[in-house]
Amino acid sequence: MEFVNSEYISGHTGLLGLLGSPVKHSVSPMMHNLSFRILGLDYVYLCFEADESTLKKTVDSMVTLNARGFNLTMPNKNLMPQFCDELSLASQISGAVNTVINDNGVLTGTTTDGIGFMRSVESEGYDILGKKMTLFGTGGVATAMATQAAIDGVSEIAIYGIKDKFYDRAIKVVNDLNERTECKVSLNTYDDDNKLRNDIKESAVVANGTSVGMAPNTDACILSDSSYFEKDQLVYDVIYNPRETKFLKLAKDAGCNTLNGMYMLLYQGARSFELWTGREMPVDEVKKACFNA
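Residue positions are given per chain, counted from 1 along the sequence in the order it is written. Selection of residues for local features in this predicted model requires a pLDDT of at least 70, selection of side-chain atom pairs for listing and counting requires 80 or more, and totals for whole chains, interfaces and linings are taken over all residues. Water and hydrogen atoms were dropped before computing side-chain values, which therefore reflect all heavy atoms in the structure.

Undergrad: Explanation requested: unusual backbone geometry in the structure shown.
TA: Residues other than glycine predominantly adopt negative phi, and peptide bonds predominantly adopt the trans conformation. Here the amide bond leading from serine 21 into proline 22 is cis, since omega sits at 0°, within 30 degrees of zero. Considering the arrangement of structural elements, one finds proline 22 in the loop between strand S1 (14–20) and helix H1 (28–39). Looking along the chain, the bond that leaves alanine 215 and enters proline 216 is cis, with omega of 10°. We count a stretch as a helix when DSSP gives it H or I for four or more residues in a row; a strand needs E for two or more, and each element gets its number in order from the N terminus. For proline 216, the position within the fold is in the loop between strand S10 (205–208) and strand S11 (234–237). Although it is not a glycine, aspartate 232 sits at a positive phi angle of roughly 75°. Of note, aspartate 232 is situated in the loop between S10 and S11.

Undergrad: Would you mind going over the environment of leucine 275 with me for this structure?
TA: On the secondary structure map, leucine 275 appears in helix H9 (residues 262–277). Each C-alpha atom of the pair leucine 275 and isoleucine 159 lies 29 Å from the other, and the pair is 116 residues apart in sequence. Apart from the residues within four sequence positions on either side, leucine 275 is in contact with Arg68, Thr99, Ile101, Thr110 and Thr112. In this analysis, two residues are considered to be in contact whenever any of their non-hydrogen atoms come within 4.5 Å of each other.

Undergrad: Mind showing me how you'd approach the pattern of salt bridges here?
TA: Side-chain pairs of opposite charge can arise where the charged atoms are in close proximity. For this analysis, a salt bridge means a side-chain nitrogen from Lys or Arg found within 4 Å of a carboxyl oxygen belonging to Asp or Glu. Enumeration over the complete set of coordinates arrives at 13 salt bridges. Lysine 77 is the salt-bridge partner of aspartate 113, the closest N and O atoms lying 2.7 Å from each other. Remark: lysine 77 occurs in the loop between strand S3 (69–72) and strand S4 (86–87) and aspartate 113 occurs in helix H4 (residues 113–123); sequence separation between them is 36 residues. A 1.4 Å probe rolled over the protein chains alone gives each residue an accessible area, and that area as a share of the maximum for its type sets the label: buried under 20%, exposed over 50%, partly exposed in between. For lysine 77, a relative accessible area of 16% translates into the label buried. The network of salt bridges with shared partners includes Lys132, Glu156, Lys195, Asp199 and Glu202.

Undergrad: Got a minute to help me understand the sheet that holds strand S2 (residues 43–49) in this structure?
TA: Strand pairs in the sheet, formed through backbone hydrogen bonds, run parallel or antiparallel to each other. Strand order in the open sheet formed by 6 strands is S2-S1-S3-S5-S6-S4, and the pairing between neighbours is mixed. Looking at the sheet topology across the chains shown, the edges are occupied by S2 and S4. When DSSP finds at least two bridges between two strands, those strands are taken to pair. Direction of pairing for strand S5 (residues 99–103) relative to strand S6 (residues 106–110): antiparallel, over a ladder of 5 bridges. Counterpart to threonine 99 in the pairing with S6 is threonine 110. Running over the sheet, H1 touches S1, S2 and S3 and is turned about 165° from S2. Angular values range over 0 to 180 degrees, each being the angle between N-to-C directions of two axes fitted as lines to C-alpha atoms, with helices fitted over their stretch in contact.

Undergrad: Teacher, can you tell me more about the sheet that holds strand S9 (residues 184–188) here?
TA: Across the sheet, 6 strands lie side by side as S9-S8-S7-S10-S11-S12; this open sheet has parallel pairing. Edge positions in the open sheet fall to S9 and strand S12 (257–260), since each of these has one partner strand only. For this sheet, the mean angle separating the axes of adjacent strands, direction not counted, is 15°. As paired strands, strand S7 (residues 132–136) and S10 are joined by 4 bridges and run parallel to one another. Following the sheet pairing, leucine 135 is matched in S10 by alanine 207. Lying over the sheet, H4 contacts S7, S11 and S12, oriented at roughly 140° with respect to S11.

Undergrad: Can you walk me through empty space enclosed by the protein in this structure?
TA: Cavity: a set of points on a 1 Å grid over the protein atoms alone where a 1.4 Å probe fits but cannot get out. Pocket: an open set with protein on both sides within 12 Å along at least five of seven lines, its lining residues, like those of a cavity, having an atom within 4 Å of a point. Grid points are joined across faces, edges and corners, and a volume is the space filled by probe spheres set on the points. Scanning the model with the defined rule gives 1 cavity of 30 Å³ or more in all. What the largest cavity holds in volume is close to 50 Å³. Contributing to the lining of the largest cavity are Leu135, Gly137, Thr138, Ala142, Thr143, Ala146, Ile159, Ala170, Val173 and Val174. For the lining of the largest cavity, the secondary structure elements donating two or more residues are helix H5 (140–152) and helix H6 (167–180). A breakdown of the residues in the lining of the largest cavity according to their chemical character gives 7 nonpolar, 3 polar and no charged. Lys, Arg, Asp and Glu make up the charged group, whereas Ala, Val, Leu, Ile, Met, Phe, Trp, Tyr, Cys and Pro make up the nonpolar group; the residues left over, Gly among them, are polar.

Undergrad: For this particular structure, what's the right way to read the packing of aromatic side chains?
TA: To describe a pair of aromatic rings, you give the distance between the ring centres and the angle between the ring planes. Put simply, two rings from Phe, Tyr or Trp (the six-membered ring, in Trp's case) pair if the centres are within 6.5 Å, and we call them stacked under 30 degrees between planes, edge-to-face over 60, tilted for the rest. Tallied over the entire structure, the rule returns 10 aromatic pairs. Ring plane angle 40° and centroid distance 5.5 Å describe the contact between phenylalanine 36 and tyrosine 43, whose orientation is recorded as tilted. By relative accessible area, which is 15% here, tyrosine 43 ends up buried. With centroids separated by 4.8 Å and ring planes inclined at 85°, the aromatic side chains of phenylalanine 117 and tyrosine 236 adopt a geometry described as edge-to-face. Highlighted residues: phenylalanine 117 in helix H4 and tyrosine 236 in strand S11, separated in sequence by 119 residues. You can call phenylalanine 117 buried: its relative accessible area is 0%. Through successive ring pairs, a cluster of aromatic residues spans Phe136, Tyr160, Tyr190, Phe229 and Phe247. Sitting over the ring of tyrosine 228, arginine 197 keeps its end group 3.8 Å from the ring centre. Only lysine NZ and arginine CZ atoms are considered, and such an atom sits over a ring when it is within 6 Å of the ring centre and within 35 degrees of the ring normal.

Written as structure tokens, this is what we have:
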């Protein structure tokens, strides 16, 4: 679907969008619409306010309008699977959908959040396949990270979480990952500090998949001090506001390599873009324009 002047919406312009609440802060429209202009693709990406009470009607409207697809953000990721006709393996296991592809009314749901994590790690030159990971968190983002890491070939994942509203779902996800992938996955609480330290010591990558440390609560940290880390480990934090959390500062003090979640956002969007258009997102240009990189 290419056209000559990509600055204008045509009578053939395809619709894509983001369904969530709130969505006004999202960088996704900038990423996708810039990519359409660069590649000369006749699409437009818009944001639509939709929450638990309006999601079904909004999805039906997107189908009626023959939208090529859409993204889901909070609070809709865990609600969307029930409205899909087909689900990817990652969405089947994680119970979450952040990307929908519409093929003439047939909705296929998948989650690209975990792909965003894995690609962002790979893009920085780190290979974690066949290695162990320690992951903090049992919410939607952490679950997507664990699911994709296990599918892609990380050998072992030690997940740590608190017994909150996500914990029962995490038990099911861990069981599914152990049954349906070659990865050895365990679910743990923070009660046994010796086990936590040992899991971290054995890990090539240690990742925070929680919101602990996010602005404005920048003094919070999932770990108490830098002694938990091992020199030269890769330490990853999904948070990118602030760009360097206390978690990453402690890791840096221990001589670790650190990454934040800024490019996880980029690469999850890039995968959605590929699924909708069949083209690769021009990530280098998007980095410069949308991420000041």
